[in-house]
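Overview (structure and organization)
What follows is the residue order along each chain.
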Amino acid sequence: MKKGSIKGLIPLIVFLLIFAGTGIITGKFENMPLLVAFIITSAIALAMNKEGEKLSLSEKVDMFAKGGGDPTLILMVLIFILAGAFYSVADAMGAVSSTVNLGLSILPANMLLPGLFIVGCVLSFAMGTSMGTVSALTPIAVGIASNTNISMPLICGVVIGGAMFGDNLSFISDTTIAATRTQEVEMRDKFKVNILIVLPAVIINLIVLFFMNVKVTGLETFEYNLVNIIPYIVIIAFALMGLNVFATLGLGILVGCIIGLIHGDFTVLEMFEVLQRGMGWMEDIAIIAIVVGGVVALMNHYGGIDYLIYKLTSKVKTKKGAEFSMAALVSLIDVATTNNTISIITAGPIARDISDQFEIDRRRTAGLLDIFSSGFQGLIPYGGQLLVAGGLAQISPGAITPYSWYPMLIIVMGIIAIITGIPKLKEVKK
């Protein structure tokens, strides 16, 4: 096993000190712009060298560029841009206001937040992608916040919670596929472990959201046009059918543009301006994602990821200690790479060996890997989910983290599961 080097974690440590330090000192995490923090972190990473090696700046920049140009990251950037365009069109042609007003007319005030969370859970479970869920529901959440006394960070936190539910549990989620393949277990078995652990988190989250004091502003009756809601119906319907997220967002944008033109909400030229406006909202977020990819590539080259793996697995002696080490390993890799699927793929083979050594059921291992990686993915302000939610809501992603209650709860439930050994699994014949 490669020992790696703690020096490889210096960029991550610098970022956390800058971002968290500013938030603690000022009392607001949004006071430190994420892009500025990561540009400083990038400079530190580019100035470093691996022990016994001296690369030129050009070579390190090339490595940085390859990391930032990773296919997964570029796909994420395209999702950001399309999500921004869809939200802008939906807002301009009245989809947001009509959807929100319909919800305010049907649901009691104290059911708005639980209802949004449940919709997020169902949608993300069906889609298997938290990014698509956040892109579809955040515009609706923003509209609800503007018509109620619900704070924008809180309602975005509710959306993130619903999105991470499906990211963790869906049979077609990348994390589920990664966790089950690396542990060589069936998806249904991993699902049974996961649902037993996270169900209390779902119930607690719903209860807390139900008792939130929500007041609706404005008139007691709300005007809406059912035709204007069609873009959201298109997005959700095609997502549930399993259509590619790009095609889903593209069709949503197309339908929104057609309805807006027919209703006279904008002309053809104004429509292009609306699309450009939405894409512009997501520019900072897209750049941050690319810069993060570059920093992670350099950290990996400097041995930071290998160091985490070695330190967390070299002194394990008990079954509970082994489970905690696996949970910590996948969590820290997720924090370092901002990708819960990659963190499971990286930690999975090591976790499988640890499971066999300490006679831990691999079904349990798969469930724990997915729970902890998804939990932390829903909390890191520089992860894709919080970046797109913050971009669409026009707030700092760091402001959402304190309100991402469901991801916090599943981490707590995961810890309780390790301590208590619950759920108890029946042995299966090998």
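What counts and what doesn't
- Residue numbers here run from 1 along each chain, matching the order of that chain's written sequence.
- Reporting in this predicted model follows two pLDDT cut-offs: at least 70 for local features of residues, and 80 or more for side-chain atom pairs to be given and counted; totals over whole chains, interfaces and linings ignore these cut-offs and use all residues.
- Side-chain numbers here rest on the full set of heavy atoms in the structure, without hydrogens or water.
- When a carboxyl oxygen of Asp or Glu is within 4 Å of a side-chain nitrogen of Lys or Arg, the pair counts as a salt bridge.
- The classification of residues rests on relative accessible area computed with a 1.4 Å probe and restricted to protein chains. Under 20% of the type maximum is buried, over 50% is exposed, and intermediate values are partly exposed.
- Put simply, two rings from Phe, Tyr or Trp (the six-membered ring, in Trp's case) pair if the centres are within 6.5 Å, and we call them stacked under 30 degrees between planes, edge-to-face over 60, tilted for the rest.
- Segments assigned H or I by DSSP are reported as helices when at least four residues long, segments assigned E as strands when at least two residues long, and all are numbered from the N terminus.
- Residues are said to line a cavity or pocket when one of their atoms sits within 4 Å of a point; the points come from a 1 Å grid over protein atoms alone, cavities being sets where a 1.4 Å probe fits but cannot get out and pockets being open sets with protein on both sides within 12 Å along at least five of seven lines.
- Grid points are joined across faces, edges and corners, and a volume is the space filled by probe spheres set on the points.
- Surface patches are defined over residues having more than 30% relative accessible area and no salt bridge, joining like charges when they lie within 9 Å and nonpolar side chains (Val, Leu, Ile, Met, Phe, Trp, Tyr) when within 5 Å.
- Note on areas: Shrake-Rupley, 1.4 Å probe, and residue coverage restricted to the protein chains presented here.
- Distance and chemistry together define a polar contact, namely a pair of N or O atoms within 3.5 Å, with one atom able to donate a hydrogen and the other to accept it when in protein, and with adjacent residues in sequence counting only for side-chain atoms on both sides.
- Given a helix with a known number of residues, its expected span is that number minus one, times 1.5 Å.
- Contact between two residues is taken to exist if any of their heavy atoms lie within 4.5 Å; hydrogens are not considered.
- By the counting rule applied here, Lys and Arg register as positive and Asp and Glu as negative, while His and the ends of each chain are not counted.
- For charged residues, the charge sits on one atom: NZ in Lys, CZ in Arg, CG in Asp, CD in Glu.
- Lines are fitted to the C-alpha atoms to define the axes, a helix being fitted only along its stretch in contact, and any angle between axes, read from their N-to-C directions, falls within 0 to 180 degrees.
- Oblique is the label for any angle not under 35 degrees, not over 145, and not in the 65 to 115 range, which are roughly parallel, roughly antiparallel and roughly perpendicular in turn.
- Each crossing gets its hand from how the near helix is turned against the far one by less than a right angle, where anticlockwise is left-handed and clockwise is right-handed.
- All amino acids are sorted into three groups, where Ala, Val, Leu, Ile, Met, Phe, Trp, Tyr, Cys and Pro are nonpolar, Asp, Glu, Lys and Arg are charged, and the leftover types, Gly among them, are polar.
- What is called the bend at a residue is the angle between a pair of axes, fitted to the seven residues leading up to and ending at it and to the seven starting from it.

1. A word on the pattern of salt bridges
Taken as a whole, this structure holds seven salt bridges when the rule is applied. A salt bridge links Glu186 to Arg188, with the nearest nitrogen and oxygen atoms 4.0 Å apart. For Asp356, the salt bridge identified is with Arg362, shortest N-O distance 2.6 Å. Judged by its relative accessible area of 42%, Asp356 is partly exposed.

2. Considerations on the packing of aromatic side chains
Evaluated as defined, the whole model comprises 13 aromatic pairs. Geometrically, the ring pair formed by Phe165 and Tyr406 is tilted, given 6.3 Å between the ring centres and 50 degrees between the ring planes. You can see Phe165 sitting in helix α8 (residues 152-169) and its partner Tyr406 sitting in helix α21 (residues 405-420), a full 241 residues away along the chain. Judged by its relative accessible area of 13%, Phe165 is buried.

3. Considerations on empty space enclosed by the protein
Per the stated rule, a full pass over the model turns up two cavities of 30 Å³ or more. Each pocket or cavity is described by its volume, and for the largest cavity that value is around 70 Å³. Lining the largest cavity are Pro11, Leu12, Phe15, Phe38, Thr41, Val292, Val295, Val296, Met299, Val335, Ala336 and Tyr382. Secondary-structure elements contributing two or more residues to the lining of the largest cavity are α1 (10-26), α2 (34-47), α14 (283-301) and α16 (319-337).

4. With respect to a nonpolar patch on the surface
Together, Leu199, Ile203, Ile207, Phe210 and Phe211 give the surface a local cluster of nonpolar side chains, amounting to about 490 Å² of exposed area. Turning to its location among the elements, Ile203 is positioned in helix α10 (residues 187-210).

5. Looking at the side chain of Thr182
Of note, Thr182 is situated in helix α9 (residues 174-183). According to the relative accessible area criterion, Thr182 is buried, its value standing at 12%. Polar contacts involving the side chain of Thr182 include one to the main-chain carbonyl oxygen of Ala179, which spans 3.2 Å.

6. With respect to α1
For α1, built from 17 residues, the straight-helix expectation of 24 Å at 1.5 Å per residue is met to within 8% by its first-to-last C-alpha distance of 24 Å. Of the residues making up α1, those classed as buried are Pro11, Leu12, Val14, Phe15, Ile18, Phe19, Thr22 and Gly23. Turning to α1, the residues buried within the fold contact α2, α14, α16 and α20 (397-400). Where α1 ends, the next residue or the one after it, Gly27, has phi of about 85 degrees, a positive value.

7. A word on a positive patch on the surface
There is a patch of like positive charges on the surface, built from Lys3, Lys311, Lys315 and Lys317. Turning to its location among the elements, Lys317 is positioned in the loop between α15 (304-313) and α16. On the basis of relative accessibility, which here comes to 73%, the residue Lys317 falls in the exposed class.

8. Quick word on the environment of Leu9
Take Leu9: it is sitting in the segment before α1. What makes Leu9 buried here is its relative accessible area of 9%. Distance from Leu9 to Ala20, taken between C-alpha atoms, is 16 Å for residues 11 residues apart in sequence. Setting aside chain neighbours within four positions, we find Leu9 in contact with Met299, Gly304, Tyr307 and Leu308.

9. Looking at the packing of α8 against helix α18 (residues 362-377)
The contact between α8 and α18 brings their axes to 9 Å, and the two run at 155 degrees. Considered as vectors, α8 and α18 are oriented roughly antiparallel to each other. The crossing of α8 and α18 is right-handed. Along its contact with α8, which presents Met164, Asp167 and Asn168, the element α18 presents Asp370, Ile371, Ser374 and Gln377. Here the residues of the contact of α8 with α18 are counted per class, giving two nonpolar, three polar and two charged.

10. A look at the side chain of Ser343
By secondary structure assignment, the location of Ser343 is in helix α17 (residues 340-357). A residue is classified by how much of its surface remains accessible, and Ser343, at 0% relative accessible area, is buried. If sequence neighbours within four positions are ignored, Ser343 has contacts with Val330, Ile333, Asp334, Thr337 and Ser373.

11. Notes on α10
When the terminal C-alpha atoms of α10 are compared, their 32 Å separation across 24 residues agrees well with the 34 Å that a helix rising 1.5 Å per residue should span. The sharpest bend along α10 measures roughly 40 degrees and falls at Val198, with the proline Pro200 sitting one to four residues further on. Those residues of α10 lying buried are Asp189, Lys190, Val193, Asn194, Ile197, Val198, Ala201, Val202, Asn205 and Leu209.

12. Thoughts on unusual backbone geometry
Across the junction of Ile422 and Pro423, the peptide omega takes the value 0 degrees, indicating a cis bond. Turning to its location among the elements, Pro423 is positioned in the segment after α21. Phi angles above zero are rare outside glycine, and Glu184 is one such case at about 55 degrees. Along the chain, Glu184 turns up in the loop between α9 and α10. Phi at Gln394 takes a positive value of approximately 60 degrees, unusual for a residue other than glycine. Mapped onto the elements of the fold, Gln394 is located in the loop between α19 (384-393) and α20.

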